[in-house]
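Architecture and fold: a report
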Amino acid sequence: MYETTRTTKALALAILLAPAISLAAESSSSPISQSNTSVSAAVLAKTASLGAVKGDDYKDPDLWGRIRSGYAIPDVDNTLVAKHVQWYASRPEYLARTSGRASLYLYHVVQELEKRGMPTELALLPVIESAFNPQALSTADASGLWQFVPGTGKDFNLKQNMFKDERRGVLASTDAALTYLQRLYTMFGDWQLALAAYNWGEGNVQKAIQKNRAAGKPTDFESLAELMPAETRNYVPKLQAVKNIIANPGQYGVTLPAIDNQPYFTTVDKTSDIDLAVAAQLAEMSIDEFKALNPQFKKPVITGESTKILLPKENAEKFHLNLAQWGHALSSWTTHKITGAKETIASLASKFGTTPDVIRQANNIPPQMRLKAGSTILVPKTSASTASDIAESIVDNASIALEADRGNGKGRKLTGAQRIKATVAEIKNRVTGGSKPSARVNGRKHR
């Protein structure tokens, strides 16, 4: 668990500075049906009614207090809420781990919510989604703090390629999640229904509303709950439970670790390809510390012309100072496209002056698997490619295709157990895009 060590400072911070953002201009590119995204004056008035507080009116050294002051979603009070309050309150270690991870990202999320005039308890939603673990991967391949599935991630312009998965990136995924939640609120005019749609899908919520309406029944969240799957029925109560604990931790015997009400990280522009290990070294951070703020990078090299990396402020200063004195190459990797079956991992290792294990590890190639023709892989740079960065077109389009190595590299056929293991590895590679998740969360997602 990565803990903040900064001295707490009281900062004057504005809450809900901006009124609700009109989404009508965005509807043409929205993945949600345009017929359902008309912005009514009443709905916008609801969001705007969250109000605005001048920065001088609100000061709190602790970020939890800032979040409490912006609660604006109507409370739910039922047996499910009580059940989940008891679950969280009885697990202080879990809350401590989650809070420790949240300390890196929470200020940014709260700030973005306030800019959009959104309820600040939405900053607690990643507790439910991922326990604030950006590497979390669900059984339905939903990934990141906000648990986007691949399709919805693409709908919200979250890049997913061989080199990075922006569903895990702190800045991109938070922007996408808040944009999606705003659109759902515009659609339903109710934050509880918007949250249900975020979990279950807007089409399913619309069908449930139509069914109750046709039966002359109410269409609020609790009235629709019996039509929802268990996960969605518990979704809003779980958020309410966390909200209740944050609002009054002492009431539930919980001690919240302090989180400074100030930015944890800043952005640094990357001007050329740089090895992830080199970036961490220049910032004087461990690899794990660096990855905690930059979890979207899937390879040992960070590519892309407009890519930004996140660093704590003091480490960003060290990064710039060390970079100015760095007298070595920043990147040691390039790409190579497989042309045919004769190019084995062993022959590639020999060609590029490395070992098969290095190539397998850099490209997440499991044992007993070989590369298919057309695959693009990461290989160490040679003297001929030392000065060149990986082209943007390659970054966007590169892919790896694997198949079981039937010869096992020595002319021997694989045993049945080895074939099964290789097949499972191939399936996993297809699902994860060649990346190895650090954690999984259960649940089915429709996003």
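Everything numeric in this text was worked out from a predicted model, so none of it was measured.

What counts as what
Residues numbered from 1 in each chain as written. Predicted model: local features only at pLDDT ≥ 70, side-chain atom pairs only at ≥ 80, totals over all residues. Heavy atoms only, no water. Helix = DSSP H or I, 4+ residues; strand = E, 2+ residues; numbered from the N terminus. Buried < 20%, exposed > 50% of the residue type's maximum accessible area, 1.4 Å probe, protein only. Salt bridge = Lys/Arg side-chain N within 4 Å of Asp/Glu carboxyl O. Core = buried A, V, L, I, M, F, W, Y, C linked by side-chain atoms within 4.5 Å. Contact = heavy atoms within 4.5 Å. Phe/Tyr/Trp six-rings, centres within 6.5 Å; stacked < 30°, edge-to-face > 60°. Arc of directions from axis to C-beta. Polar contact = N/O pair within 3.5 Å; in protein donor to acceptor, adjacent residues only side chain to side chain. Axes fitted to C-alpha atoms, helices over the stretch in contact; angles between N-to-C directions. Parallel < 35°, antiparallel > 145°, perpendicular 65-115°, else oblique. Nonpolar A, V, L, I, M, F, W, Y, C, P; charged D, E, K, R; others polar. pLDDT = per-residue confidence, 0-100. Pairing = 2+ DSSP bridges. Left-handed = near helix turned anticlockwise from the far one by under 90°.

Here we look at unusual backbone geometry
In this structure, Gln 147 takes a positive phi of about 55 degrees despite not being glycine. Positionally, Gln 147 belongs in the loop between strand E1 (136-138) and helix H6 (150-155). Judged by its relative accessible area of 0%, Gln 147 falls in the buried class. A positive phi is found at Asn 364, a non-glycine position, where the angle reads about 55 degrees. For Asn 364, the position within the fold is in the loop between helix H16 (356-363) and strand E7 (369-371). For Asn 364, a relative accessible area of 26% translates into the label partly exposed.

Notes on the pattern of salt bridges
Per the stated rule, a full pass over the model turns up 12 salt bridges. Salt-bridge contacts for Lys 318 lead to Glu 284; the nearest nitrogen and oxygen are separated by 3.8 Å. In this pair, Lys 318 is assigned in helix H14 (residues 313-324) and Glu 284 in the loop between helix H12 (276-282) and helix H13 (287-293), connecting sequence segments 34 residues apart. Owing to a relative accessible area of 32%, Lys 318 belongs among the partly exposed residues under this scheme. A salt bridge links Glu 403 to Arg 370, with the nearest nitrogen and oxygen atoms 3.0 Å apart. One end of the pair, Glu 403, is in strand E9 (residues 402-404); the other, Arg 370, is in strand E7, with 33 residues separating them in the sequence. On the basis of relative accessible area, Arg 370 is assigned to the partly exposed category, the value being 36%.

Brief notes about the nonpolar core
Membership of the largest hydrophobic core comes to 85 residues, with the highest contact counts inside it found for Leu 106, Trp 146, Phe 148, Leu 195, Tyr 198, Leu 311 and Phe 319. The biggest single contributor to this core is helix H7 (residues 170-188), with 10 residues. With near-sequence residues (within four places) excluded, Leu 195 lies in contact with Ile 73, Leu 122, Leu 125, Leu 181, Tyr 235, Val 236 and Leu 239. In terms of nonpolar packing, the next biggest core, distinct from the first, is built from 12 residues, Ile 345, Phe 352, Ile 365 and Met 369 among them.

Topic: the packing of aromatic side chains
Considering all chains together, one arrives at eight aromatic pairs under this definition. Ring centres 6.4 Å apart and planes at 80 degrees place the aromatic pair Phe 148 and Tyr 198 in the edge-to-face group. Of this pair, Phe 148 sits in the loop between E1 and H6 while Tyr 198 sits in helix H8 (residues 191-200), and the two are 50 residues apart along the sequence. What makes Phe 148 buried here is its relative accessible area of 0%.

Focus on helix H3 (residues 79-89)
Within H3 the residues assigned to the buried category are Val 81, His 84, Val 85 and Tyr 88. Viewed along the axis of H3, the buried residues span an arc of 105 degrees, placing them on a single side of the element. Projecting away from the buried face of H3 at angles above 90 degrees are the exposed residues Thr 79, Lys 83 and Gln 86. Considering only its buried residues, H3 is in contact with helix H4 (92-116), helix H5 (125-129) and helix H11 (230-247). Residue Asn 78 occupies the N-cap position of H3, its side-chain oxygen lying 3.0 Å from the main-chain nitrogen of Leu 80.

A closer look at the environment of Ala 292
In this structure, Ala 292 sits in helix H13. For Ala 292, a relative accessible area of 16% corresponds to the buried category. Sequence-wise, Ala 292 and Tyr 105 are 187 residues apart; in three dimensions their C-alpha atoms are separated by 9.7 Å. Ignoring anything within four residues of it in the chain, the contact list for Ala 292 reads Leu 104, Tyr 105 and Pro 134.

With respect to the packing of H3 against H4
Between H3 and H4, the least distance of the axes is 6 Å, while the angle of their chain directions is 80 degrees. In terms of orientation, H3 lies roughly perpendicular with respect to H4. Contacts between H3 and H4 involve Trp 87, Tyr 88 and Ala 89 from the first element and Pro 92, Tyr 94 and Leu 95 from the second. For the contact of H3 with H4, the class distribution of residues is six nonpolar, no polar and no charged.

Details of the confidence of the model for the protein
In the predicted model, the protein carries a mean pLDDT of 84, and 77% of its residues have values of at least 70. Low pLDDT, under 50, characterises residues 408-414; the predicted model gives this stretch 11 contacts beyond four residues in sequence or across chains. Below a pLDDT of 50 lies the segment residues 429-438, which in the model reaches 18 contacts outside its immediate sequence neighbourhood of four places, other chains included.

Description of the environment of Gly 374
With respect to the element layout, Gly 374 can be found in the loop between E7 and strand E8 (376-380). On the accessibility criterion, Gly 374 (36% relative accessible area) is partly exposed. If we skip the residues at most four places from it in the chain, Gly 374 touches Lys 337, Ile 338 and Ser 399.

Side note on the pairing of strand E5 (residues 308-312)
With four of five residues buried, E5 lies mostly within the body of the structure. Relative to E5, strand E2 (residues 265-269) runs antiparallel, the two being bridged by five bridges. Across the sheet, residue Thr 266 finds its bridge partner in E5, namely Leu 311.

Considerations on the packing of H7 against H8
Two elements in contact, H7 and H8, have axes whose closest approach is 8 Å; the angle formed by their N-to-C orientations is 125 degrees. One finds that H7 runs oblique with respect to H8. For H7 against H8, the interelement crossing comes out right-handed. Residues Ala 177, Tyr 180, Leu 181, Leu 184, Tyr 185 and Phe 188 of H7 form the contact with H8, whose participating residues are Trp 191, Leu 193, Ala 194, Leu 195, Ala 197 and Tyr 198.

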